[in-house]
Amino acid sequence: MIGDQVAALLEAAVAGVTALGTGAGGAGTYRVALLGGGNVFVKATGGQDPSFLASEANALRWLREAEGVRVPEVLGISDSLLVTTWIAPGRATRDGAEEFGRQLATLHARGAQSFGADWPGYIGSLPLDNNEEEEWPGFYAGRRVLPYLRAAADRGAVDADGVAVIERVCARIEDLAGPPELPARIHGDLWAGNIHWDTRGRAWLIDPAAHGGHRETDLAMMALFEPPHLDTIVAAYDEVHPLDENWRERTSLHQLHPLLVHAVLFGASYGAQAVAAARQYL
């Protein structure tokens, strides 16, 4: 069935389909060989809302048009399939990490029109509120932290005391946010697994939750789930797009969102980490 759908979408004959496993949001992933030569990467929904794949396609195109970090090209999109270029997997190298740091700085510097995006977002399988705002502190507290705090509390992953701690941090967000920054063009879910290294050791961005955001958010996500050679990445980044001298003091603040997302998806251990991160700012 996947082969027939890809053939119809791309108007190209398919030679074979290899199942790869489960991708972001529970979608099935496949390598599809084309009869005319080459492969494509396919993500098929597992019953999600059709906007799930459309959101990823929009995010990939938006990142790719900035010509910063390498991003797979969207070759086709339907309600049930997303087809992109196939990037053969390899391993990270220190040279590739240094290049990636410079490219990520360039991507962030390309900027965005506001904090948010003009399409509905997803992070993993969860909806992501991309309604646009002009100021980052309110956007982050209201659209990135508090919705997932409520969801985590409803699941029992954060108790009432923990909710109160994180709400107090959100109430102080203006004081904690650091120097004002223009909206950056960020990946939005930049953990190690969403940096794909090719056979030449070069980095590609996959599975984005892209939007206009704070550039420290991407760096904080890498610090939470580290890619290889992270120190090299950050040093190269800082050479191209220098960071505020106190940026590391805000890393845990930027990690509240992904920790709460993980609490919603995976339970109380991540909720406890989110509360511990928040306590640093009280």
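Report follows, based on the coordinates. Keep in mind it's a predicted model, so treat the numbers as computed, not measured.

### Section: the packing of aromatic side chains
Aromatic ring pairs are defined here through the distance separating the ring centres and the angle between the ring planes.
Phase 1 of the analysis: Overall, the coordinates contain 7 aromatic pairs when judged by the stated rule.
Phase 2 of the analysis: Taking the centre distance of 6.3 Å and the plane angle of 35° together, the rings of Phe 115 and Phe 139 count as tilted. Here Phe 115, found in the loop between helix H3 (94-110) and strand E6 (121-123), pairs with Phe 139, found in helix H4 (residues 136-155); they are 24 residues apart in sequence, far enough to count as distant. The same class applies to Phe 115 and to Phe 139, which are both buried.
Phase 3 of the analysis: Taken together, a centroid distance of 6.3 Å and an interplanar angle of 55° make the contact between Phe 266 and Tyr 270 tilted.

### Points about the pairing of strand E4 (residues 74-77)
Phase 1 of the analysis: For E4 and strand E5 (residues 81-85), the ladder comprises 3 bridges, and the chain directions are antiparallel. By the bridge assignment for E5, Gly 76 is matched with Val 83.
Phase 2 of the analysis: From the end of E4 to the start of E5, which pair antiparallel, there are 3 residues.

### So, the pattern of salt bridges
Phase 1 of the analysis: For the structure shown, the criterion picks out 12 salt bridges.
Phase 2 of the analysis: The closest approach of N and O atoms between Lys 43 and Asp 207, which form a salt bridge, is 2.6 Å. Of the two residues, Lys 43 is situated in strand E3 (residues 39-44) and Asp 207 in the loop between strand E10 (203-205) and strand E11 (211-213); the sequence distance between them amounts to 164 residues.
Phase 3 of the analysis: A relative accessible area of 1% places Lys 43 in the buried class.
Phase 4 of the analysis: On the accessibility criterion, Asp 207 (18% relative accessible area) is buried.
Phase 5 of the analysis: With its nearest N and O atoms 3.1 Å apart, the salt bridge here joins Arg 102 to Glu 98. With Arg 102 and Glu 98 both in helix H3 and 4 residues apart, the pair spans about one turn of that helix.
Phase 6 of the analysis: Overall, Glu 98 belongs to the partly exposed group, its relative accessible area being 33%.
Phase 7 of the analysis: The network of salt bridges with common partners includes Lys 43, Glu 56 and Asp 207.

### Section: the packing of helix H9 (residues 251-266) against helix H10 (residues 268-279)
Phase 1 of the analysis: The N-to-C vectors of H9 and H10 enclose an angle of 160°; their axes lie 7 Å apart at closest approach. On the basis of the axis angle, H9 is roughly antiparallel to H10. Seen along the crossing, H9 lies across H10 with a hand that is left-handed. From H9, Ser 252, Leu 256, Leu 259, Leu 260, His 262, Ala 263 and Phe 266 reach across to H10, where they touch Ala 268, Tyr 270, Gly 271, Gln 273, Ala 274, Ala 277 and Ala 278.
Phase 2 of the analysis: Grouping the constituent residues of the contact of H9 with H10 by class yields 10 nonpolar, 4 polar and no charged.

### Describing the packing of H4 against helix H5 (residues 160-171)
Phase 1 of the analysis: Two elements in contact, H4 and H5, have axes whose closest approach is 11 Å; the angle formed by their N-to-C orientations is 175°. When the interaxial angle is binned, H4 and H5 end up roughly antiparallel. Within the contact between the two elements, H4 uses Ala 141, Val 145, Leu 146, Leu 149 and Ala 153 and H5 uses Val 163, Ile 166, Glu 167 and Cys 170.
Phase 2 of the analysis: Considered class by class, the residues forming the contact of H4 with H5 number 8 nonpolar, no polar and 1 charged.

### Digging into the sheet that holds strand E2 (residues 28-34)
Phase 1 of the analysis: Strand order in the open sheet formed by 5 strands is E1-E2-E3-E5-E4, with antiparallel pairing between adjacent strands. Only two strands of the sheet have a single neighbouring strand rather than two, namely strand E1 (14-22) and E4. In this sheet, adjacent strand axes meet at a mean angle of 20° when their direction is disregarded.
Phase 2 of the analysis: With 6 bridges connecting them, E2 and E3 associate as antiparallel partners. Pairing of Thr 29 across the sheet is with Lys 43, part of E3.

### Topic: the pairing of E5
Phase 1 of the analysis: Within E5, 4 of the 5 residues are buried, leaving the element largely enclosed by the surrounding structure.
Phase 2 of the analysis: Looking at chain direction, E3 and E5 are connected through 5 bridges and run antiparallel. Looking at E5, one finds that Lys 43 is bridged to Leu 82.

Reading the values: the criteria
- Residues numbered from 1 in each chain as written.
- Predicted model: local features only at pLDDT ≥ 70, side-chain atom pairs only at ≥ 80, totals over all residues.
- Heavy atoms only, no water.
- Phe/Tyr/Trp six-rings, centres within 6.5 Å; stacked < 30°, edge-to-face > 60°.
- Helix = DSSP H or I, 4+ residues; strand = E, 2+ residues; numbered from the N terminus.
- Buried < 20%, exposed > 50% of the residue type's maximum accessible area, 1.4 Å probe, protein only.
- Pairing = 2+ DSSP bridges.
- Salt bridge = Lys/Arg side-chain N within 4 Å of Asp/Glu carboxyl O.
- Axes fitted to C-alpha atoms, helices over the stretch in contact; angles between N-to-C directions.
- Parallel < 35°, antiparallel > 145°, perpendicular 65-115°, else oblique.
- Left-handed = near helix turned anticlockwise from the far one by under 90°.
- Contact = heavy atoms within 4.5 Å.
- Nonpolar A, V, L, I, M, F, W, Y, C, P; charged D, E, K, R; others polar.

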